[in-house]
Amino acid sequence: MQLSRIDLNLFAVFDAIYRERGITAAARQLHLSQPAVSHALARLRELLGDPLFERQGNVMTPTPMARSLAGTVRSSLGGLDQALRQVGQFDPASSQRLFKVATSGSAELSFLPDLAERVAREAPGIRLATVRADRGNLEEDLRSGELDLALDIGLPLTAEIRRQQIGASELVVLARIGHPAIGPGFDMEAYLAQEHVLVTGRRRGVGLEDVALGRLGMRRRIRVRCQRHGAASAIVARTDLLATMSRSQAELDNAQAGIQVLALPVALPALETFVYWHATADADPASQWFRGAFLEALQG
C-alpha cells in the first residue's frame with residue numbers, strides 16, 4: 001500500500017472513530033455529516049482490506065489492524081497539527097534548525113565569529129554551516145532551501161533572488177616589502193610587467209580584475225592560481241609575485257609580515273559584495289531572524 005494512493009483525510013476520520021468509538025460522535029467532532037463519515041470509513045476499509053471497526057451494540061470496536069495503526073496515525077496527525085500551528089511563528093531559543101551560508105572560506109572571518117557567539121547566546125539549538133559557493137547552482141540551491149543565504153560579489157541572478165549590498169571596496173595590490181620593481185613611480189607599466197597570483201574558486205578562466213583590465217586593452221601574466229586570499233598573501237611575502245584583491249579583503253585576511261599594500265595604478269570599478277536569498281524566504285520568520293542576525297554580524 002502506497003501512501004500516495006490514500007486521501008490523508010481518511011486518517012482523520014479513522015482517528016475520530018477510534019477515539020469516539022462511534023460514527024455519530026466522530027461526525028459531530030469532525031463537523032461532518034454521518035453519511036460522509038460512513039463513506040470515508042468504507043473507502044479506507046476497501047483500501048486497507050480490513051473492516052477496521054466492528055459494531056458491537058452502539059460501540060464501534062477496533063480490529064487488530066485498527067489497533068496497530070491507531071498510535072502511529074494519532075502521532076502523525078498530532079505532529080502535523082503542531083507543525084501547522086507553528087506556521088508563521090519562530091522561537092530561536094527552542095529552534096533546532098540548521099542554517100547554511102555559501103561563501104568563500106576567507107569571508108567567514110567577516111561574520112562567523114560574531115554570528116556563532118549570538119547563536120550560542122540566543123539560540124543554543126540552532127546549528128550553522130558555511131559551504132563554498134557554487135555559482136553555477138547558486139540560484140537553484142537558494143530556491144530549494146539547500147542554502148539559506150549566500151555572500152558573494154555581484155552576480156547575474158533572476159528576480160527570484162533577493163539581494164542586499166553590504167559593501168564596495170576598491171582594488172589594491174599586494175607586494176613584498178623590498179620588491180625590486182616597486183618604488184615611488186609604481187605605475188601600470190610596472191604592474192603589468194610583473195607576474196601575478198590569481199585568487200579564484202574556478203578551475204579555469206580569468207578573474208574579475210582581469211575582465212576589467214581586458215576592457216581597457218590590458219592583460220597581466222598569471223603565474224599561480226589559488227583559492228584563498230591568505231594563501232596568495234603568503235606567496236606574495238616570499239616571492240616577487242603580486243596579488244590584486246579588494247582593500248577590505250587585504251585588511252581582513254592578509255596580516256602577513258613583510259607585505260605592502262599599494263593603490264592599483266588604474267581606476268577599476270570597486271568590488272561590490274552582496275547577501276543573497278530567495279524570495280520565498282522574505283516572509284518566513286525563521287529566515288527573517290537569521291538574515292537579520294547575519295547582517296548584524298557582518299556590520300559588526
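The rules behind each value
Residues numbered from 1 in each chain as written. Predicted model: local features only at pLDDT ≥ 70, side-chain atom pairs only at ≥ 80, totals over all residues. Heavy atoms only, no water. Helix = DSSP H or I, 4+ residues; strand = E, 2+ residues; numbered from the N terminus. Contact = heavy atoms within 4.5 Å. pLDDT = per-residue confidence, 0-100. Phe/Tyr/Trp six-rings, centres within 6.5 Å; stacked < 30°, edge-to-face > 60°. Buried < 20%, exposed > 50% of the residue type's maximum accessible area, 1.4 Å probe, protein only. Lys NZ or Arg CZ within 6 Å of the ring centre and 35° of its normal. Pairing = 2+ DSSP bridges. Arc of directions from axis to C-beta. Axes fitted to C-alpha atoms, helices over the stretch in contact; angles between N-to-C directions. Parallel < 35°, antiparallel > 145°, perpendicular 65-115°, else oblique. Left-handed = near helix turned anticlockwise from the far one by under 90°. Nonpolar A, V, L, I, M, F, W, Y, C, P; charged D, E, K, R; others polar. Expected span 1.5 Å × (residues − 1).

**With respect to the environment of Asp-141**
Right, so step 1: Along the chain, Asp-141 turns up in helix α6 (residues 138-144).
Right, so step 2: C-alpha separation for the pair Asp-141 and Gln-96, spaced 45 residues apart in sequence, amounts to 21 Å.
Right, so step 3: In contact with Asp-141, not counting residues within four places along its chain, are Glu-146 and Leu-147.

**Some remarks on the confidence of the model for the protein chain**
Right, so step 1: Residues at a pLDDT of 70 or more form 94% of the protein chain, whose mean pLDDT is 88.
Right, so step 2: Put simply, helix α10 (residues 247-253) is where the protein chain has its lowest mean pLDDT, 78, and strand β8 (residues 195-199) is where it has its highest, 95.

**What to know about the packing of aromatic side chains**
Right, so step 1: Inspection of the entire model under this criterion finds eight aromatic pairs.
Right, so step 2: An angle of 10° between the planes, with centres 4.3 Å apart, marks the rings of Phe-99 and Phe-290 as stacked. Placement of the pair is Phe-99 in strand β3 (residues 98-102) and Phe-290 in helix α11 (residues 285-299), with a sequence separation of 191 residues.
Right, so step 3: For Phe-290, a relative accessible area of 1% corresponds to the buried category.
Right, so step 4: Ring pairing ties together the aromatic residues Phe-99, Phe-111, Phe-290 and Phe-294, which thus form one cluster.
Right, so step 5: Arg-163 extends its terminal NZ or CZ atom over the ring of Phe-274, reaching a point 5.5 Å from the ring centre.
Right, so step 6: Sitting above the plane of the Trp-277 ring, Arg-291 keeps its charged end 4.5 Å from the centroid.

**With respect to the pairing of β3**
Right, so step 1: Note that β3 and strand β4 (residues 127-131) share five bridges and pair parallel. Looking across to β4, one finds that Leu-98 is bridged to Arg-127.
Right, so step 2: Sheet topology note: the β3/strand β5 (residues 149-153) ladder contains two bridges and is parallel. By the bridge assignment for β5, Ala-102 is matched with Ala-150.

**A look at helix α9 (residues 229-238)**
Right, so step 1: Of the positions making up α9, those classed as buried are His-229, Ala-232, Ser-233 and Val-236. Taken down its axis, α9 places every buried residue within 95° of arc, on the same side.

**Notes on unusual backbone geometry**
Right, so step 1: Notably, Arg-21 is not glycine yet its phi reads approximately 60°, a positive angle.
Right, so step 2: Along the chain, Arg-21 turns up in the loop between α1 (9-20) and α2 (23-30).
Right, so step 3: Classification of Arg-21 by relative accessible area gives partly exposed; the value is 29%.
Right, so step 4: In this model, His-31 sits at a positive phi of 60°, which is unusual for a non-glycine residue.

**Comments concerning the packing of helix α5 (residues 112-122) against α11**
Packed helices, taken two at a time, are described by the angle their axes make and the gap between the axes.
Right, so step 1: The N-to-C vectors of α5 and α11 enclose an angle of 135°; their axes lie 8 Å apart at closest approach. The angle between α5 and α11 falls in the class oblique. Here the hand of the crossing between α5 and α11 comes out right-handed. Side by side, α5 and α11 meet where Asp-114, Leu-115, Arg-118, Val-119 and Glu-122 of the first sit next to Trp-289, Phe-290, Gly-292, Ala-293, Phe-294, Glu-296 and Ala-297 of the second.
Right, so step 2: By residue class, the composition of the contact of α5 with α11 is seven nonpolar, one polar and four charged.

**Some details on helix α3 (residues 34-48)**
Right, so step 1: Over its 15 residues, α3 runs 21 Å from end to end, which matches the ideal 21 Å to within 8%, given 1.5 Å per residue.
Right, so step 2: Buried residues of α3: Val-37, Ala-40, Leu-41 and Leu-44, and no others. Projection of α3 onto a plane perpendicular to its axis shows the buried side chains occupying an angular sector of 100°, all on one side. Relative to its buried face, α3 has exposed residues pointing more than 90 degrees away, namely Pro-35, His-39 and Glu-46.

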